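# Remarks on the overall topology
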Amino acid sequence: MSGLSCGIVGLPNVGKSTLFNALTKNEIPSENFPFCTIDPNQGIVNLLDPRIDKLSNLSNSKKKVYAPVTFVDIAGLVRGASKGEGLGNQFLSHIRECDAIVQVVRCFEDDEVVHVEGKVDPLADIDVINIELVLADLQMVENLLKKQEKHSKGKKDGDDIIPVLLKIRAHLNENLPIRSLELTKDEQKVLKIYPFLTAKKILYIANVSENDLPEMDNDLVKKVRQHAEKEGAKVVPICAKIEEELAALSDEECVEYLKELGLEETGLNRLTKEAFSLLGLITYLTTGEVETRAWTIVNGMNAQEAAGKIHTDIQRGFIRAEVVSFNDMIEYSGRLGAKEAGKARLEGKDYIVQDGDVILFYHN
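Right, let's walk through the structure included here.

What counts and what doesn't
- For every chain, the first residue of the written sequence is number 1, and numbering continues from 1 onward in sequence order.
- Since the coordinates come from a predicted model, pLDDT governs what is reported: local features require at least 70, and pairs of side-chain atoms require 80 or more to be given and counted, while whole-chain, interface and lining totals use all residues.
- Derived side-chain values reflect all non-hydrogen atoms in the structure, with water molecules and hydrogen atoms excluded from consideration.
- A run of H or I in DSSP counts as a helix once it spans at least four residues, and a run of E counts as a strand once it spans at least two, with each numbered from the N terminus.
- Contacts are residue-level and defined by heavy atoms, with any inter-residue pair within 4.5 Å sufficient.
- Accessible surface area values rest on a Shrake-Rupley calculation with a 1.4 Å probe, where residue burial reflects the displayed protein chains alone.
- For every residue, the accessible area (1.4 Å probe, protein chains only) is compared with the maximum for its type, and the residue is labelled buried under 20%, exposed over 50%, or partly exposed between those bounds.

Across its full length, the chain holds 14 helices and 13 strands. Here the analysis covers contacts within the chain between residues at least 6 apart in sequence; of these, 66% occur between residues at least 24 apart. Summed over its atoms, the accessible surface of the chain is roughly 18400 Å², and 49% of this surface lies on carbon and sulfur atoms.

Structural data, given as structure tokens:
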């Protein structure tokens, strides 16, 4: 398990539940199919990667393991969530545990689906959720300041924390998320230990109607894009209703239906790719007769650290890594052919692993 988790948030009737149903509808083991259910409010989506399929065929692997992302359906968002309205506190604690926030905003008109705020306005929806998260963070800052001021009387160890908290408080008081605040490396280090909600990276899902396919770029989506650009966020347009239909189909039926719709891949796969990109994650690959697997690491990780994703013993006893690029593995029909062509490199522990590297680790 990669440990990557995204909390899905949204106001009522924006399509959040429909999207989440698409994530959790098929109770099939995750190594066989891109969706599986963990419990009522969590679903795993595998990052479908054609490289895994090709390597698996090459190695005659018995098993394929894709890189997983856990999506958590965050319930209970209403105005006043930060003050405990609805399932406020539960809602906020669930978000604190996630690596990133995925906000579903309604970008379709439908007289039969009533909007909780009375009209379809994605920017107003974004604002409601942003304010709730800002208010929750402000409460946390105030509590931390009281605690630090009390703790640091006559001591110097709180001096570096208090100025950062004051800077954050001033920014939050402007109704701005912490992620849009410029902080020095030292300030970021101080901030890292606190699970501020608005410091988390965010991805917007613009939920469109079937009539918007395949372009999925109506005027409401354009508004969301303009907003996202200001805070350096990404937008993934998705038709949640279609995703729910696709989730009920077999692999072959899914490919056919996507062709009919003029789409190359499911919205869920695009969402999963963007979640990886958002958090600076990449995958390296291992392959053999037993299994072909994608391993999730942070971009910039070295070979010894990457080895630890498989097992800490391999990291501790690391000798070297034999690296072949995915393209060379395919072109030369596997590791042996790549070696004969001089395309296999022996790398030390400080080698920075690249996305798609196919690695064999040597260790004590």
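Of note, the bond from Leu213 into Pro214 is cis; its omega dihedral lies within 30 degrees of zero at -5 degrees. Even without being a glycine, Asn60 presents a positive backbone phi close to 50 degrees. Structurally, Asn60 is set in the loop between helix 2 (50-59) and strand 4 (63-65). What makes Asn60 exposed here is its relative accessible area of 61%. Positive phi, close to 65 degrees, is recorded for Asn175, a residue that is not glycine.

Okay, the environment of Glu149 next. Summarising the element assignment, Glu149 is placed in helix 4 (residues 122-151). Since its relative accessible area comes to 40%, Glu149 is described here as partly exposed. When the C-alpha positions of Glu149 and Ile162 are compared, they lie 7.7 Å apart, and in sequence the two are 13 residues distant.

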